[in-house]
Amino acid sequence: MSIDDLGGLDGTCEREGCGKEIRYEHLTYHPDWGYKKVGSTCIEHLTQKDKKLSGKVLACYRNISNFVHSSDWYQGKTQKGKSYIGATHSYDLIRIYGEERRYAFQVALKEKGRNYYHYKDIVRVPGKTLEEVKELAYIALKGVTTKDIEEKAMLRNLYKSIR
Ligand SMILES: [Zn+2]
C-alpha cells in the first residue's frame, strides 16, 4: 500500500517469525491477516504468497476497497433525529453513527420485493477511524448477504483480523 523511509533502523518487521529492525516500512494489507508493516526482504515473500491466493479472495478484497472509496456516502438522520453517515449496497443499507474513534455501525437488509428493511443490531467499534468502520460495516453486510460459503468464511476471518 505504501513505503515509508524511517531514515534509520527504527522500525520492526511484523512478518511472523521475522521481527528484524527495518528502515523501509512497507505497509501491506492481506485478507487473511489485515495490515502489517514489513521490511524490503519480507515484502517479496508476502508478494509471492499473495499470488497464490485465489482470484476470489483478491476480488473480494478489491470489492471492499471499491465500496469504501467509491460509494456515495451521504449524511442522513434517523426518524428520531440521530445523525449518521450512510451508503447503499445493491438494495441494502449501511449506517455509521457517532464520531471519530467512537463509531458504531448498523446494517439493514431490504426484504425482497418489498419496501421494508430489517435493521440489524448496532455494533460499537471504539478506537476505529471512519475508513476502518466503513470497511467493517461492508464486510459485515457482505458476510450476511453472500450465498458463497467460501466468501463468507473469508469475510469472517477478515472481520476478526481488523475488528
Ligand atoms: Zn522481515
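Scroll up to find the structure this text is about.
Since this is a predicted model, take the numbers as computed values, not measurements.

The rules behind each value
- Residues numbered from 1 in each chain as written.
- Predicted model: local features only at pLDDT ≥ 70, side-chain atom pairs only at ≥ 80, totals over all residues.
- Heavy atoms only, no water.
- Helix = DSSP H or I, 4+ residues; strand = E, 2+ residues; numbered from the N terminus.
- Buried < 20%, exposed > 50% of the residue type's maximum accessible area, 1.4 Å probe, protein only.
- 1 Å grid on protein atoms, 1.4 Å probe; cavity = no way out; pocket = protein on both sides within 12 Å on 5 of 7 lines; lining within 4 Å.
- Points joined across faces, edges and corners; volume = space filled by probe spheres on them.
- Nonpolar A, V, L, I, M, F, W, Y, C, P; charged D, E, K, R; others polar.
- Phe/Tyr/Trp six-rings, centres within 6.5 Å; stacked < 30°, edge-to-face > 60°.
- Donors = N, O, S within 2.8 Å, 3.2 Å for Na, K, Ca; no water.
- Pairing = 2+ DSSP bridges.

(A) A look at unusual backbone geometry. The phi angle at S90 is positive, at roughly 45°, despite the residue not being glycine. Tracing the sequence through the fold places S90 in the loop between β7 (83-89) and β8 (92-99). You can call S90 exposed: its relative accessible area is 59%. A positive phi angle, close to 70°, is found at R101, a residue other than glycine.

(B) Here's a closer look at the layout of surface pockets. As a volume, the largest pocket reaches approximately 190 Å³. Considering the residues around the largest pocket, the lining is formed by F105, V123, I139, A140, G143, V144, K152, L155, R156, Y159 and K160. With 5 residues, the top contributor of residues to the lining of the largest pocket is helix α4 (residues 149-162). Taken together, the residues that form the lining of the largest pocket break down as 7 nonpolar, 1 polar and 3 charged.

(C) Highlighting the packing of aromatic side chains. One pass over the structure, following the stated rule, counts 5 aromatic pairs. Their ring planes at 75° and their centres at 5.6 Å tell us that F67 and W73 sit as a pair that is edge-to-face. The buried category is assigned to F67, whose relative accessible area is 6%. The exposure class assigned to W73 is buried, which follows from its relative accessible area of 18%. Measuring from ring centre to ring centre gives 6.4 Å for Y74 and Y84, while their planes differ by 70°; the resulting arrangement is edge-to-face. Note that Y74 is positioned in strand β6 (residues 74-77) and Y84 in strand β7, a separation of 10 residues in sequence.

(D) The coordination of the zinc ion, seen in detail. With distances of 2.2 to 2.3 Å, the protein atoms coordinating the zinc ion are C13 (SG), C18 (SG) and C42 (SG). The motif formed by the donor residues of the zinc ion, counted along the single chain, is C-x4-C-x23-C.

(E) Structural context of the pairing of β6. Across 4 bridges, β6 lies against β7 in antiparallel orientation. Bridging across to β7, G76 finds its partner in Y84. Where β6 hands over to β7, the hairpin turn is made up of 5 residues, of which G81 adopts a positive phi near 90°.

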